[in-house]
Amino acid sequence: MKSAPALRAIPSVEKLRQALGDPGLPRAVVVAAVRRHVAALRAAKPIPEFGAIVERLRAALADLKLSRLQPVINGTGILVHTNLGRAPLGPAAVATLAAVAADYNNLELDLATGARGRRAAYLEDALALLCGADAATVVNNCAAALVLVLRHFTSGQRKEVILSRGELIQIGGGFRVPEILEASGARLREVGTTNQTALNDYARAIRRETAMILKVHRSNFFMGGFVASPDPKAIAGLAKKHRLPFVEDLGSGAVVDTAQLAGLEHEPTPAEALRRGVDLVCFSGDKLLGGPQAGIIAGKARHVAALQREPFFRALRCDKLVLSALQTTVELYLEASGPRPASSGKPEVGAPLEAGTPVLAMLRVSEDELRLRAGKIVAGLARLPLQAGVGAGRSQLGGGTLPRSGIPSVTVELAPRHLTVEELARRLRRGTPPVVGFISNGRFKLDLRTVFPRQDEAVLAAVRQALAP
Ligand SMILES: *Cc1c(COP(=O)(O)O)cnc(C)c1O
């Protein structure tokens, strides 16, 4: 217990709030933070002086303000960075999103007949076309897509989902395939070993309790050496023979041929997976596709329709903002495709598609172009108390996509004279806008592949600001 005089030394909430001035946050947020701080002071001994309390509060509020969702300059070189919001949207998708957001819209109204319409019907058809599928639908994200599919096929007596031990993967934080299965009420039936799974392993596991066969794309790691897994076509044949649904979680969902992009490896497309006999595929909207967060499910029409009839589907549906941005993204791909997108040519990555999907544009930008920009930035930093240079980097797709594919890139490298590189990184992270890079070989580096050219000036200003006395 503190004595009454000691507690009286704790300043009032109102007095502290006034001393803080305007921290640039809603008053209720400031008051709540001050209250929390004052409550904590009751346990402090000795109770700090008024000035010290105000300073600590000011720092806490600055951190709080920094935590508001805001645009960030990505100098990490990781194109689909989950911590940085994955794929940025292109101008066309942003324009549709803004227009749909600000006005009423025909989300569930059929303008042709005046009757109630089906949400996202046009988008679903466009997605099916892009995936070379009979039908497609959209939910909140790929994890939701997988949960919906698992719940649907494992209802009733049949609960077992057959999955290779080589595909019991974890994606980022919080997405572990075995846990998703469990949360969906499915029972995992592991087959094979970490590195070797044969068709016979699948065949032997099939019994009365079997609900479906699942395949999960090893999107964020690779296995080499003594590794084998059966051709998906053979698994599809087995599934068909036993009348079991065969579903593949593709994760990233590249719909373009990634082998043609910046020397990347080939990433299986939804159309390819479906051609190999998979009944349904699911993939993310905001990874390599370059759209908003969404989980796309494509495949057999009767399965897609059944999923949409699930009461749980309603809990996972996307809102008008996501649907509008995704609609424009998908249209950009379809415009870049031949007359029969999924079956003949895949969408051609060229200027129009790049203009609309920044991730693809960033993948394709040349090292020469990056070097030119880096040179300009470095020149703009002359006379500042730091050593600045142009270096070589290696960008990555990230977001659990093509882990082996590093893309040669160009970095701006900084070694400040009067600060540690850690302090420079901290100051840039706390700037407006925040700039996020990485430290390597004692230097702070910015990989320019993930920095939009329109942000180069802001990068310059941020470094100047960070070094200001
Ligand atoms: C990224 C990924 C997921 C999760 O996708 P979200 O859209 O983030 O829910 C699931 N499976 C695989 C294989 C992935 O790569």
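Conventions and cut-offs
Residues numbered from 1 in each chain as written. Predicted model: local features only at pLDDT ≥ 70, side-chain atom pairs only at ≥ 80, totals over all residues. Heavy atoms only, no water. Helix = DSSP H or I, 4+ residues; strand = E, 2+ residues; numbered from the N terminus. Polar contact = N/O pair within 3.5 Å; in protein donor to acceptor, adjacent residues only side chain to side chain. Contact = heavy atoms within 4.5 Å. Near = heavy atom within 4 Å. Areas by Shrake-Rupley, 256 points an atom, 1.4 Å probe, with all protein chains shown as cover. Nonpolar A, V, L, I, M, F, W, Y, C, P; charged D, E, K, R; others polar. Buried < 20%, exposed > 50% of the residue type's maximum accessible area, 1.4 Å probe, protein only. Pairing = 2+ DSSP bridges. Axes fitted to C-alpha atoms, helices over the stretch in contact; angles between N-to-C directions. Expected span 1.5 Å × (residues − 1). Arc of directions from axis to C-beta. Phe/Tyr/Trp six-rings, centres within 6.5 Å; stacked < 30°, edge-to-face > 60°. Lys NZ or Arg CZ within 6 Å of the ring centre and 35° of its normal. Left-handed = near helix turned anticlockwise from the far one by under 90°.

(A) Focus on the side chain of R449. Within the element layout of this structure, R449 appears in the loop between β15 (443–447) and α19 (456–467). A distance of 2.8 Å separates the side chain of R449 from the backbone oxygen of M362, its partner in a polar contact. In this structure the side chain of R449 is engaged in a polar contact, spanning 3.3 Å, whose partner is the backbone oxygen of L363. In contact with R449, other than residues within four places in its own chain, are L79, M362, L363, R364, V365, E367, L370, S395, I407, P408 and S409.

(B) Structural context of the site of the ligand. In the vicinity of the ligand there are 13 residues, among which A143, S219, D249, S284 and K287 approach most closely. At a separation of 2.9 Å, an oxygen atom of the ligand approaches a polar side-chain atom of R86. Take S284: an N or O atom from its side chain is 2.7 Å from an oxygen atom of the ligand. Computed on the free molecule, the ligand has an accessible area of 390 Å², of which 95% lies beneath the protein chains in the complex. Broken down by secondary-structure element, the contributors of at least two residues to the shell around the ligand are α7 (142–153) and β8 (246–251). Partitioning the shell around the ligand into residue classes produces 4 nonpolar, 6 polar and 3 charged.

(C) Structural detail: the pairing of strand β9 (residues 280–284). Taken across its 5 residues, β9 has 5 buried, putting it largely inside the fold. Taking every second residue as pointing to the same face, both faces of β9 are buried, with L280, C282 and S284 on one and V281 and F283 on the other. Two elements, β8 and β9, share 4 bridges in a ladder whose sense is parallel. Directly across from E248, in β9, lies its bridge partner V281. Sheet topology places β9 next to strand β10 (residues 295–299); 5 bridges connect them, and they run antiparallel. Paired with S284 across the bridge in β10 is G295.

(D) View of the sheet that holds strand β3 (residues 160–164). Here 7 strands make up an open sheet; going across it, the order is β2-β10-β9-β8-β7-β3-β6 and the pairing mixed. In this open sheet, the two strands that pair with only one neighbour each are β2 (135–139) and β6 (187–191). Along the sheet, successive strands turn relative to each other by an average axial angle of 25°, direction set aside. Relative to β2, helix α6 (residues 121–131) is tilted by about 120°, and along the sheet it contacts β2, β9 and β10. In the packing of helix α10 (residues 232–241) onto the sheet, contacts are made with β7 (210–216) and β8, and the angle to β8 comes to roughly 145°.

(E) Representation of helix α4 (residues 50–66) within the structure. Here α4 is 17 residues long and its end C-alpha atoms lie 24 Å apart, about the 24 Å a rise of 1.5 Å per residue gives. Turning to α4, its buried residues number three or more, namely I53, V54, L57 and L61. The arc that holds every buried residue of α4, seen down its axis, measures 95°, which confines them to one face. Against the buried residues of α4 lie α2 (13–20) and α3 (27–41).

(F) Representation of the packing of aromatic side chains. Applying the stated criterion across every chain yields a total of 0 aromatic pairs. In this arrangement the basic side chain of K15 is found over the ring face of F50, its NZ or CZ atom lying 4.5 Å from the centre. Seen from the ring of F312, R151 lies directly overhead, with NZ or CZ sitting 4.1 Å from the centre.

(G) Quick peek at the packing of α6 against helix α14 (residues 320–335). Running from amino to carboxyl end, α6 crosses α14 at an angle of 35°, the nearest separation of the two axes being 10 Å. Note that α6 runs across α14; the crossing there is left-handed. Between α6, through Y122, L123, A126, L127, L129 and L130, and α14, the contact on the second element is made entirely by L323, L326, Q327, V330, E331, Y333 and L334. Its residues placed into classes, the contact of α6 with α14 shows 11 nonpolar, 1 polar and 1 charged.

(H) Just the sheet that holds β15, in detail. An order of β11-β12-β15-β14 is seen for the 4 strands of this open sheet, with the pairing classed as antiparallel. Each of the sheet's edge strands pairs with one partner strand only, and the pair in question is β11 (386–396) and β14 (438–440). Averaged over neighbouring strand pairs, the angle between their axes works out to 40° when direction is ignored. With 11 bridges joining them, β11 and strand β12 (residues 406–416) adopt antiparallel strand pairing. Directly across from A388, in β12, lies its bridge partner L414. Set on the sheet, helix α17 (residues 367–380) makes contact with β11 and β12; between it and β12 the angle comes to about 10°.

(I) Main features of unusual backbone geometry. P46 follows K45 through a cis peptide bond whose omega is -5°. With respect to the helices and strands, P46 occurs in the loop between α3 and α4. Cis geometry marks the peptide bond from T432 to P433, where omega comes out at -5°. On the secondary structure map, P433 appears in the loop between α18 (421–429) and β13 (435–436). Of note in this structure, A120 is not a glycine but carries a positive phi near 65°. Relative to the assigned elements, A120 resides in the loop between α5 (91–102) and α6. Residue classification places A120 among the buried positions, given a relative accessible area of 15%. One non-glycine residue, R243, lies in the positive phi region at around 55°. Within the secondary structure, R243 sits in the loop between α10 and β8.

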